[in-house]
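Residue strings, one per chain:
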Amino acid sequence: MSERALSGLRILDLTQFEAGTSCTQLLRWLGADVIKIEPPGGEQSRRNRPEVPGLDAMFFLLFNANKRSVTIDLKKPEGHALFLQLVEQSDVVVENFAPGLMERLELDHERLAAVNPQIILARLKGFGLSGPYHEYKSFDMIAQAMGGVMSVTGFPDREPVLCGANIGDSGAGVHLAAGIMAAYIERQRTGRGQVVEVSMQEAVANLIRQRYVVHYRDGKPTPRRGNGAPPGAVPDGLYPCAPGEPNDYVYIYVQPMNQGMWEDFARAIGREDLLADPRCADAPTRWKHREELNGIARAWTGARSKHEVLATLGKAGVPCGAIPDTQEVLDDPHLNARGAVEAIDHPTRGRFRVPGCPIRLSDSEAVTTPPPLAGQHTDEVLAEVLGLTAGEVAGLRARAVV
């Protein structure tokens, strides 16, 4: 393993599905040695809506690249003892099991710290470890609902809508990664481990803090406003482009506090005449005439492809974004030029492309390697970390411990 930013940090990864696995994948990208501890047969997301019967599901593959996989039956005394031996030689244990499972497995922080006082136990739960909801189970959509994002997502005359990005899962995972790094840095000062706790509900509530600007301005709960920003910006929102397919739109936002940005927009669309138009004198006046001005913007975008609109307005300094679909994101020339989309050659699923690490360190390149097969690294890790011989591992396997 080449030296990277987090080289030397060993993480035992008990996570499943997305929230926890996104955290450990991010830390592995940054160089930590992430050992995924799975039950014999593999973590359950390997079988979550598999596209090819009998092979690991894409759901699993997207969140477990770069890791090493060790299978251990934690419910067996020998497996439990083996895991605690690994804890002695590790820095962090990360879990997002259902509430109470770590306690039932006798793997709470007190037990882990008894074998390694420096261990950091990172725990991600739907609603945290305390409070009236702490026993409730959660997935991304539950966290989005309870964290408040659904109440502000969608159009005002329709039902609340899920955010398309899994901010309840991966958003919580990023928060947990930050907490682990904070605990790791503190341990370097104190020599002590601790519990890092993240609630999915609280992570979502944190991610929508900007919506409280309107809440406090108006003195009432923030409403859904569709694709529009707060009143005052023109143009602002989605504008259709040629040829009119479902994703042929751009999002344009000209901030009302920036007169220069409006002038850049008018020049970019060839309407310098609007600079002297009394309807466009300032932001409040433009807002009063927003129907006419938005009509002008729609007529201009509708005669051009979304890529042409993006290039024209982007180069003019006007905030604008095309609306690519998932295939277009993978093919995006900017992302590919930056190496942000990586190809993986998987031993059973073949070649596929995925978004790579979104964090860049100038002295530590993040690479993406194939997600492991279940138990692929059991022999390697037990020999490397615990010094077990091939015969000892074979014995464990014969007793269905690993």
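That block above? That's the structure.
**A look at the packing of helix α1 (residues 19-29) against helix α7 (residues 170-190)**
Thinking step 1. In the contact formed by α1 and α7, the axes pass within 7 Å of each other and the chain directions differ by 50°. Relative to α7, the element α1 lies oblique. Considering how the two elements wind past one another, α1 and α7 form a crossing that is right-handed. Counted together, A19, S22, C23, L26 and L27 of α1 and S170, G173, V174, L176, A177, I180 and M181 of α7 form the full contact between these two elements.
Thinking step 2. When the residues that make up the contact of α1 with α7 are grouped by side-chain class, the tally is 9 nonpolar, 3 polar and no charged.

**Regarding unusual backbone geometry**
Thinking step 1. With an omega dihedral of -5°, the bond running from V234 to P235 counts as a cis peptide bond.
Thinking step 2. Within the fold, P235 resides in the loop between α9 (212-218) and β7 (236-240).
Thinking step 3. The step from A242 to P243 runs through a cis peptide bond, and the omega angle for that step is 5°.
Thinking step 4. Examined against the element boundaries, P243 turns out to sit in the loop between β7 and β8 (249-253).
Thinking step 5. Positive phi is not limited to glycine here, since R49 has a value of about 50°.
Thinking step 6. Of note, R49 is situated in the loop between β2 (33-38) and α2 (58-61).
Thinking step 7. When its relative accessible area of 62% is taken as the criterion, R49 is described as exposed.
Thinking step 8. Its identity is not glycine, yet E106 carries a phi of approximately 55°, on the positive side.

**Quick word on the nonpolar core**
Thinking step 1. The biggest cluster of nonpolar side chains holds 33 residues, and the ones touching the most others in it are I11, L27, L176 and I180.
Thinking step 2. The set of elements that each furnish at least two residues to this core consists of α1, β4 (92-95), β5 (120-125), α7, β6 (195-199) and α8 (200-207).
Thinking step 3. It is α7 that provides the largest number of residues to this core, a total of 6 residues.
Thinking step 4. Those residues in contact with L176 that sit more than four places away from it in its chain are C23, V94, A122, R123, L124, V196 and V198.

Conventions adopted
Residues numbered from 1 in each chain as written. Predicted model: local features only at pLDDT ≥ 70, side-chain atom pairs only at ≥ 80, totals over all residues. Heavy atoms only, no water. Axes fitted to C-alpha atoms, helices over the stretch in contact; angles between N-to-C directions. Helix = DSSP H or I, 4+ residues; strand = E, 2+ residues; numbered from the N terminus. Parallel < 35°, antiparallel > 145°, perpendicular 65-115°, else oblique. Left-handed = near helix turned anticlockwise from the far one by under 90°. Contact = heavy atoms within 4.5 Å. Nonpolar A, V, L, I, M, F, W, Y, C, P; charged D, E, K, R; others polar. Buried < 20%, exposed > 50% of the residue type's maximum accessible area, 1.4 Å probe, protein only. Core = buried A, V, L, I, M, F, W, Y, C linked by side-chain atoms within 4.5 Å.

Any functional reading would require information beyond the geometric quantities listed.
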